[in-house]
Amino acid sequence: FSESVAKPVKGMLPTSIFYTPGWAGSPRAFFNAVLTKPESAVECEGGPTQDGTACSYASFFTMMVVLFGVVLPIGTTVYCMGFCCARTFVEKCHCCCVLCKQPNCGSSRPTIEYHTKEKVCISVCVVLMLLVFITVSLLGFLSTMQMTSDFQEIMTAMKATTSFPDDVDRQLNASFSRTEATSHAMTKKTNEWTADGATLTAAVTALNISVKQLAAKWQNVANVIEGTASNGRSDNPCTYYYNGSAAKYEGQLGVWTSTLGTNSSNALPGIICCDQVNHTNCIQGSHPTGLPTVLYPSGTPAPTCSTLSRIGDNVTGTINAVPKACPCCCVCQQNIDALDAVAARMPTPEQLAMVTPTVAQEALTATIFGLHQYLTKSLDTFQAYFSQLKTALEPVDLVLGDPVTITAGAAGGWTFACMGAVIAFFAWLFVNVHCWWVGYICGFTTMFIMSVMFGVTTAVVIPFGDLCEGLPKTGEDPSPWLVTFSPDLQIASVDPVLRRLHSDCLVLTNTKNPSLWNVGGYDESEVLQIFQNFNISKRTPEYVSEQILDTKEHTLAVTMSMDATKELTESSPHFWGGAAGLQQEQVVTVDNSNLTSAAPYRDRFREFRATLRESLAAMQASLVVVEKQREALIKVTDVMSSNLTAMRAESELSMNLIGDEVIAAANCSHLNTLYMDVRNPTCERFSKSLDSMWALFFICGFCWYIMFFIICRGSKHTMQRRGLAKVDPSSSAGDEGGIVKLKKDKDEKDAGKKGDKYKEG
């Protein structure tokens, strides 16, 4: 009915004179002025018909209210009063009958004798109009009841909507409680994987100390061989060269490197210390001539720092010693550099902390609680948005809240609307003149009320319909609607939270990830990233832990020379400056052993060997400790690496689960259901019920103008049927002479009656 009748009635209204129909123009400007400037009146600087302004919109329905609520009822009242005067006081007020232009116009009596055809026509009209008024009243009653039902549905949905944040809060509490329980279980299980962190730290520390001690033992061996500096320094370090270029041993690579005249280091694969091979294509060491090592217990200098020769024959000759620079222990420096490389690669405390991570339960719980609070606050805008609408509708709810009162009022009101037509029908049916005028008075009252109601409700129906046109549906762009809440009618000045609330939750423009996080200004990826900070896979990636826990690779420099180091003895050429150094010992032990002067040197060589043997034994013992601690560390790191793999899997799964739960808890697609549960009954049903009732006011009031003519004509027909006539029944409607004669006879008859009464008196 709304689409078939109310919409065309709306189409007949002169809206185009004032503004262009459509929400984006004057209607939006009007509601914007009401919402953003409620304390000030609508400004009309551009005139009442300037399109796109609030003034043009307000002027239109003000005109409708004045026209139909004031002018039309008053005009109709004046007209009906004049008509009543013509019927009642025509003998004294002939001017009221001028428009009729009938010879005997006036009074309530018939003017002419009416033909049967006209009487039948009026009878049919009475019945048809009765049916029309009954139908209109029935539709009006149904529309009123439907409107009440629809409004109750709106208020029910509104109450559900405004109570929704409490429901969501309970759901969020439950969801975050589950999340917190999940986090507790996860952190407990995850932290068990790294419970052996102290063992790993102790093993690394022990190996690191042992490696440094082994390097110190090697330095002791080197000091025995290389002596001390002449300036009082406790050692006399050597500098190493390869074909004249500075060389350095890269312990981790296991090769010597040389600059070879360039700024970059070049590896020298296959190049070894010269004291092993005694050729020129090798690593040579040199240092300033210093002081030989003092041997214990004799206190004599080491013989390796002198060149021995015999002066004279092998019987009477003497041993001559010429001081020289002590030999360089190239292999000692090579092992020291290797051990330094191992020590440098050992995990630092920071790195150990990375491979023994723990998840802080308190921090994770605080994060979850903070997100819960933030998410709850995101609902405040939604609640405030619908609370305003609910507050605005509560007075109407109080009026329409009692179904019994509404039913009785609707039934009584619409029954009265057709009562005049029913009385007129009975007047026609029972040929009762007085009933026609009772119906006329009822009809006039109905017309007056309907006209006022039509005019007044226009100020509600028109804005309400435009408001529904502006309210976005699911999937529509909410920007045209949101501009209503902007002080300058620009979308940029609308509260961003309100904009995101509509696009993400209410109308679901964002269908990919509708979330309250987006409403609050958080991207879901940012929320997930918060939990990834607790994810062991992200904190300690696998490639990082593999590098830190690769003990075999860290100690490779030691293991490459471990077997060779175990086989070293005091007779190894490495400690004598090569084979030439060993040959110096033979000068006094083999070739000239019979000479008396050779004896002291033999004792010194014997003491040197003992000192060197003791230093080597201490170094090799330290090497055994390093080897054992290395094996122990490898076992610990293997276990820790395996635990970290399991820990990453558990952490990844748990953090993703927690993140998914938090994201799922914030999904706001159900807000669209609540929003549409308010919009649909409001705009798809209540608005149409309101339109229907508004159109019925118009139809009912308009039909009474037709009914007025039918009643006036029908009352004269009834008088004629009852024998009350001004005309001679034998004369026709056009026989003016008969009518005049009848009136003259009547006057004489009346005068005779007066004379008889006089005589009788």
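Above: the structure in question.
So, here is what we can say about the structure in this document. Owing to the predicted nature of the structure, the values given are computational and were not obtained by experimental measurement.

1. Observations concerning the pattern of salt bridges
In this structure the tally under the stated criterion is 10 salt bridges. One salt bridge in this structure joins Glu118 and Arg713, with 2.6 Å as the shortest N-O distance. Highlighted residues: Glu118 in helix H5 (residues 116–162) and Arg713 in helix H24 (residues 669–721), separated in sequence by 595 residues. When its relative accessible area of 34% is taken as the criterion, Arg713 is described as partly exposed. The residue Arg685 makes a salt bridge to Glu153 at a minimum N-O spacing of 2.6 Å. Separated by 532 residues along the polypeptide, Arg685 in helix H24 and Glu153 in helix H5 bring together distant segments of the chain. Residues participating in the shared-partner salt-bridge network are Arg679, Glu684 and Lys688.

2. Observations regarding the state of the cysteines
Evaluated as defined, the whole model comprises six disulfides. The disulfide partner of Cys238 is Cys328, and the gap between their sulfur atoms is 2.0 Å. Residues Cys238 and Cys328 are joined through a disulfide that is left-handed, its torsion about the S-S bond being -95°. Placement of Cys238 in the loop between helix H7 (197–226) and strand S1 (239–242) and of Cys328 in the loop between strand S7 (318–323) and helix H9 (330–345) is noted, with a sequence separation of 90 residues between them.

3. Details of the packing of aromatic side chains
A complete count under the given rule lists 21 aromatic pairs for this structure. Ring plane angle 40° and centroid distance 6.0 Å describe the contact between Trp704 and Phe708, whose orientation is recorded as tilted. Here Trp704 and its partner Phe708 are both found in helix H24, four residues apart, which amounts to about one turn of the helix. We note that Trp704, like Phe708, is buried. Between Tyr705 and Phe708 the ring centres are 6.2 Å apart and the planes differ by 75°, which places this aromatic pair in the edge-to-face class. Of the two residues, Tyr705 and Phe708 both sit in helix H24, three residues apart, roughly one turn of that helix. Put simply, the rings of Phe133, Trp437, Tyr440, Trp704, Tyr705 and Phe708 touch in pairs and so form one group of aromatic residues.

4. Quick look at the packing of helix H15 (residues 496–506) against H24
Packing of H15 against H24 brings their axes to within 7 Å, and their N-to-C directions diverge by 95°. As judged from the angle between their axes, H15 and H24 are roughly perpendicular. Counting all contacts with H15, which are made through Leu501, Cys505 and Leu506, the residues of H24 involved are Ser669, Leu671, Asn672 and Tyr675. Residue composition of the contact of H15 with H24, by class: five nonpolar, two polar and no charged.

5. With respect to a nonpolar patch on the surface
Among the surface-exposed residues, Val66, Leu67, Val70, Val71, Ile74 and Val78 lie close enough to one another that they form a single nonpolar patch of about 480 Å² accessible area. For Leu67, a relative accessible area of 36% translates into the label partly exposed.

Cut-offs and rules
Residues numbered from 1 in each chain as written. Predicted model: local features only at pLDDT ≥ 70, side-chain atom pairs only at ≥ 80, totals over all residues. Heavy atoms only, no water. Salt bridge = Lys/Arg side-chain N within 4 Å of Asp/Glu carboxyl O. Helix = DSSP H or I, 4+ residues; strand = E, 2+ residues; numbered from the N terminus. Buried < 20%, exposed > 50% of the residue type's maximum accessible area, 1.4 Å probe, protein only. Disulfide = S-S within 2.5 Å. Phe/Tyr/Trp six-rings, centres within 6.5 Å; stacked < 30°, edge-to-face > 60°. Axes fitted to C-alpha atoms, helices over the stretch in contact; angles between N-to-C directions. Parallel < 35°, antiparallel > 145°, perpendicular 65-115°, else oblique. Contact = heavy atoms within 4.5 Å. Nonpolar A, V, L, I, M, F, W, Y, C, P; charged D, E, K, R; others polar. Patch = residues over 30% accessible without salt bridge, like charges linked within 9 Å, V, L, I, M, F, W, Y side chains within 5 Å. Areas by Shrake-Rupley, 256 points an atom, 1.4 Å probe, with all protein chains shown as cover.

Don't take any of this as a statement about function, it's just geometry.
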